[in-house]
Amino acid sequence: MKVLAGAAIALSMTVSIAAIAHEGATGVVKERMDGMKAIGQQVKIMVPMMKGALPYDPAQVAKSAAIIESHSGETFTALFPEGSNEKPSEALSDIWDDWSKFTDLANELNSTAGNLKTVAENNGSEDEFKAALGQMMRTCKACHSDFKE
């Protein structure tokens, strides 16, 4: 659980720093930064539930997970045409060097967000919610570790 809390803190810090980094972004870089911001905002809604600071709200979790799901998979990878890592982008060229791994992680985000949504829609337990959110956040962390400055 400490690992998940640490990941949550790191992700929320990334979202705050990203707001500054997005200045001057245009075109596809701005589109993907906006998508990442939307994902980060949804995570920030759910993390207090994971930590017990707010009650677990399955309806809100389902809504947040659906938003994340809508910004993942092929929708996400379409925003990364080769060479679109000019500043203010924080995308590493490793994305295109290992496109297969990058797309696998984008699809994994789609799958884990979908699983989180299903757990919430089925009124899954708080433990199931925490496990599903943790898995999704590990996917985010893996992608950021490998493909983000």
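In what follows, the structure referred to is the one given above.
About the criteria used
- Residues numbered from 1 in each chain as written.
- Predicted model: local features only at pLDDT ≥ 70, side-chain atom pairs only at ≥ 80, totals over all residues.
- Heavy atoms only, no water.
- Helix = DSSP H or I, 4+ residues; strand = E, 2+ residues; numbered from the N terminus.
- Axes fitted to C-alpha atoms, helices over the stretch in contact; angles between N-to-C directions.
- Parallel < 35°, antiparallel > 145°, perpendicular 65-115°, else oblique.
- Left-handed = near helix turned anticlockwise from the far one by under 90°.
- Contact = heavy atoms within 4.5 Å.
- Nonpolar A, V, L, I, M, F, W, Y, C, P; charged D, E, K, R; others polar.
- Patch = residues over 30% accessible without salt bridge, like charges linked within 9 Å, V, L, I, M, F, W, Y side chains within 5 Å.
- Areas by Shrake-Rupley, 256 points an atom, 1.4 Å probe, with all protein chains shown as cover.
- Salt bridge = Lys/Arg side-chain N within 4 Å of Asp/Glu carboxyl O.
- Lys, Arg positive; Asp, Glu negative; His and termini not counted.
- Charge placed at Lys NZ, Arg CZ, Asp CG, Glu CD.

Asks: Teacher, can you tell me more about unusual backbone geometry here?
Replies: Glycine aside, residues mostly have negative phi angles, and peptide bonds mostly take the trans form. Geometrically, the link from Lys-87 to Pro-88 is a cis peptide bond, its omega value of 15° lying close to zero. Assignment of secondary structure puts Pro-88 in the loop between helix H4 (73-77) and helix H5 (94-97).

Asks: What should I look at first to understand the packing of helix H6 (residues 99-121) against helix H7 (residues 126-147) in this one?
Replies: Working note: a packed helix pair is described by the angle between its axes plus the distance between those axes. As a packed pair, H6 and H7 sit with axes 9 Å apart at the nearest point and diverge in direction by 165°. On the basis of their axis angle, the class for H6 and H7 is roughly antiparallel. Where H6 crosses over H7, the handedness of that crossing is left-handed. Here Lys-101, Phe-102, Leu-105, Glu-108, Leu-109, Thr-112, Ala-113, Asn-115, Leu-116 and Val-119 of H6 come into contact with H7, specifically with Glu-128, Phe-129, Ala-132, Leu-133, Gln-135, Met-136, Thr-139, Cys-140, Ala-142, Cys-143, Asp-146 and Phe-147.

Asks: Before we go on, may I ask you to explain the packing of helix H2 (residues 27-51) against helix H3 (residues 58-70) in this structure?
Replies: Their axes nearest at 9 Å, the elements H2 and H3 cross at an angle of 155°. One element, H2, and the other, H3, form an angle in the roughly antiparallel class. By crossing handedness, the relation of H2 to H3 is classed as left-handed. Together, Ile-39, Gln-42, Val-43, Ile-45, Met-46 and Met-49 of H2 and Gln-60, Val-61, Ser-64, Ile-67 and Ile-68 of H3 make up the contact between the two elements. The residue inventory of the contact of H2 with H3, partitioned by class, reads 8 nonpolar, 3 polar and no charged.

Asks: What should I look at first to understand a negative patch on the surface in this one?
Replies: Taken together, the side chains of Glu-82, Asp-94, Asp-97, Asp-98, Asp-104 and Glu-108 present a region of like negative charge at the surface. Looking at the negative patch, the elements that each hand over two or more residues are H5 and H6. Summarising the element assignment, Glu-108 is placed in helix H6.

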